[in-house]
Amino acid sequence: MVRRNDQRRAALVDAAIEVLAREGARGLTFRAVDAEAAVPTGTASNYFASRDDLLTQAGARVYERLRPDEATYERQRTAPRDRAAYTLLMRELVGRVASFRTGYLALLELRLEATRRPELRTVLTERVRADLDDNVAYHETAGLPGDATAVKLLYLALNWLIVEQLTLPDVLSEEERDALVTAAVERLVEED
């Protein structure tokens, strides 16, 4: 029987994210999660039906933790609808994602694992597609400059910029990263 203590479950999923980022998908075991969460051996297996369940929930939790806070949403709602404000939003996004290093690295591990696990690939495909659709919808609802194609191109470009920063942080300085975000917005987003 799977247990329902939501705080304990969240702590175990957060521990799984740390294990994924540090040891990769092959290192993700219930025992490793128990050790990372500092709980008795066997605890994770009481909360998750299978390793696949744990992998899936770790991916969902990363997206949950990457969502902007309400203050960010409020600031964006009151910001001008121009490239400068959009650039600031994109810089904030890259900084927020890069600051959750273990979460993003765990997502990369999950993506690699999804190439070998069709069920995980299905879940991640749905989650990433929903995230991309949410980004496009937010962009359109907020009245930001540019179109859906610009949002998708920025999504792809900035994701690789984040990968670069997290895996090889000395390739680009923070100033270069910010300049590249600015250039990407300026080149991809047409103002009306």
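Please refer to the structure placed before this passage.
Here we summarise the structure given alongside this text. Worth saying up front: this structure is predicted, and the values here are computed from it rather than measured. (Residues numbered from 1 in each chain as written. Predicted model: local features only at pLDDT ≥ 70, side-chain atom pairs only at ≥ 80, totals over all residues. Heavy atoms only, no water.)

### Details of the layout of surface pockets
Counted as a void, the largest pocket has a volume near 900 Å³. Lining the largest pocket are 34 residues, and of these Leu93, Val97, Asp131, Asn135 and Tyr155 lie nearest its centre. When contributions to the lining of the largest pocket are tallied by element, the ones reaching two or more residues are α4 (51-66), α5 (70-78), α6 (83-99), α7 (101-114), α8 (118-142) and α9 (148-167). When residues in the lining of the largest pocket are grouped by element, the largest group, nine residues, is from α9. Grouping the constituent residues of the lining of the largest pocket by class yields 22 nonpolar, five polar and seven charged. (1 Å grid on protein atoms, 1.4 Å probe; cavity = no way out; pocket = protein on both sides within 12 Å on 5 of 7 lines; lining within 4 Å. Points joined across faces, edges and corners; volume = space filled by probe spheres on them. Helix = DSSP H or I, 4+ residues; strand = E, 2+ residues; numbered from the N terminus. Nonpolar A, V, L, I, M, F, W, Y, C, P; charged D, E, K, R; others polar.)

### What about the pattern of salt bridges?
The tally for this structure, following the rule as stated, stands at 13 salt bridges. With a closest N to O distance of 3.1 Å, Arg96 and Glu92 form a salt bridge. One end of the pair is Arg96 and the other is Glu92, both in helix α6 and four residues apart, which spans about a single turn. Look at Arg96 and you get buried, because its relative accessible area is 18%. Arg116 serves as the salt-bridge partner of Glu113, at 3.2 Å between the closest nitrogen and oxygen. (Salt bridge = Lys/Arg side-chain N within 4 Å of Asp/Glu carboxyl O. Buried < 20%, exposed > 50% of the residue type's maximum accessible area, 1.4 Å probe, protein only.)

### Here we look at the nonpolar core
In this structure, Leu20, Leu28, Val33, Tyr86 and Met90 are the most contacted members of the largest nonpolar core, which totals 55 residues. Not counting chain neighbours up to four residues away, the residues in contact with Val33 comprise Leu12, Ala15, Ala16, Val19, Leu28, Ala44 and Leu54. (Core = buried A, V, L, I, M, F, W, Y, C linked by side-chain atoms within 4.5 Å. Contact = heavy atoms within 4.5 Å.)

### Observations regarding the environment of Thr141
In this fold, Thr141 is placed in helix α8. Among the residues examined, Thr141 registers a relative accessible area of 73% and is labelled exposed. Distance from Thr141 to Leu88, taken between C-alpha atoms, is 18 Å for residues 53 residues apart in sequence.

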